Amino acid sequence: MKLVMGIVQSDDAGRLVDALTHAGYRATTISTTGGFLRQGNATIFVGTEDENVPHVLELIQENCQTRRQYVNPLPPVMEPGEMYLPTPVDVQVGGATVFVLDVSQFEQF
Ligand code: 2BA
Ligand code: 2BA
């Protein structure tokens, strides 16, 4: 058994969970925050048999889109008298970042 852990953009999470449950998978969503942009994203856990993993990955790929985002980087440490003009940086946020973990034990009580 595997645990598929997908970090996706909040806008895509609902559609992805619908697609997963519609296909018969069980899923759990938690609200998370990206370390770089400090913006909300969603982490979706799907515990499933090994042979289903390619299909789960396919559903994630189909339902999550890459987006470009402009962000203001954190200002650098300044010396007195220095001036900082923030220039927005173009960041490409991926459709999904996915980790597939081995599950050593699965129980439902
Ligand atoms: P349970 O199987 O007892 O699951 C309770 C909650 O545990 C689920 O909430 C989900 O958050 C999590 N969970 C269970 N198995 C999981 C897994 N393999 N991977 C990730 N998370 C898992 P809900 O998704 O709201 O489901 C509530 C109940 O609805 C489930 O109780 C199950 O009896 C049923 N269910 C869920 N998904 C289903 C599906 N695709 N088809 C049919 N019944 C489903
Ligand atoms: P964030 O950390 O908010 O990152 C958003 C996007 O900013 C990233 O998109 C990437 O394009 C860029 N980025 C992140 N860290 C960077 C850095 N140190 N320097 C330059 N650019 C950087 P994605 O790679 O698609 O990641 C989207 C979200 O997935 C991330 O949000 C984070 O929450 C999660 N994530 C991605 N890779 C991860 C990893 N290896 N471990 C844990 N979480 C990860």
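See the structure above.
What counts and what doesn't
- Residues numbered from 1 in each chain as written.
- Chains lettered and ligands numbered in written order.
- Predicted model: local features only at pLDDT ≥ 70, side-chain atom pairs only at ≥ 80, totals over all residues.
- Heavy atoms only, no water.
- Core = buried A, V, L, I, M, F, W, Y, C linked by side-chain atoms within 4.5 Å.
- Buried < 20%, exposed > 50% of the residue type's maximum accessible area, 1.4 Å probe, protein only.
- Helix = DSSP H or I, 4+ residues; strand = E, 2+ residues; numbered from the N terminus.
- Contact = heavy atoms within 4.5 Å.
- Near = heavy atom within 4 Å.
- Polar contact = N/O pair within 3.5 Å; in protein donor to acceptor, adjacent residues only side chain to side chain.
- Areas by Shrake-Rupley, 256 points an atom, 1.4 Å probe, with all protein chains shown as cover.
- Nonpolar A, V, L, I, M, F, W, Y, C, P; charged D, E, K, R; others polar.

Caption draft 1: Focus on the nonpolar core. If you look at the biggest cluster of nonpolar residues, it comprises 15 residues, and the most contacted ones within it are Val-8, Leu-16, Leu-20, Ile-44, Val-46 and Val-56. For this core, the elements supplying multiple residues, two or more each, are strand E1 (2–9), helix H1 (10–22), strand E3 (40–48) and helix H2 (53–63). Beyond its immediate stretch of four places on either side in the chain, Ile-44 contacts Val-4, Met-5, Gly-6, Val-8, Ala-13, Leu-16, Val-17, Leu-20, Ala-27, Thr-28 and Thr-29.

Caption draft 2: Representation of the site of ligand 2 in the model. Close to ligand 2 lie Ile-7, Gly-34, Gly-35, Phe-36, Leu-37, Asn-41, Val-91, Gln-92, Val-93, Gly-94, Thr-97 and Phe-99. Phe-36 is positioned with one of its backbone polar atoms (N or O) 2.9 Å from an oxygen atom of ligand 2. Here Asn-41 contributes a side-chain N or O atom positioned 3.0 Å from an oxygen atom of ligand 2. Calculation on ligand 2 without its partners gives an accessible area of 760 Å², and the protein chains cover 51% of this total. When contributions to the shell around ligand 2 are tallied by element, the ones reaching two or more residues are strand E5 (89–93) and strand E6 (96–102). Sorting elements by how many residues they give to the shell around ligand 2 places E5 first, with three residues. Here the residues of the shell around ligand 2 are counted per class, giving six nonpolar, six polar and no charged.

Caption draft 3: Representation of the site of ligand 1 in the model. The local shell around ligand 1 consists of Thr-21, Gly-24, Tyr-25, Arg-26, Ala-27, Thr-28, Phe-45, Val-46, Gly-47 and Gln-108. The backbone of Tyr-25 places a nitrogen or oxygen atom 3.2 Å from a nitrogen atom of ligand 1. Separating a nitrogen atom of ligand 1 from a backbone N or O atom of Gly-47 is a distance of 2.8 Å. Taking 740 Å² as the accessible area of ligand 1 by itself, protein coverage stands at 49%. Ranked by residues supplied to the shell around ligand 1, first place goes to E3 with three residues. Split by residue class, the shell around ligand 1 holds four nonpolar, five polar and one charged.

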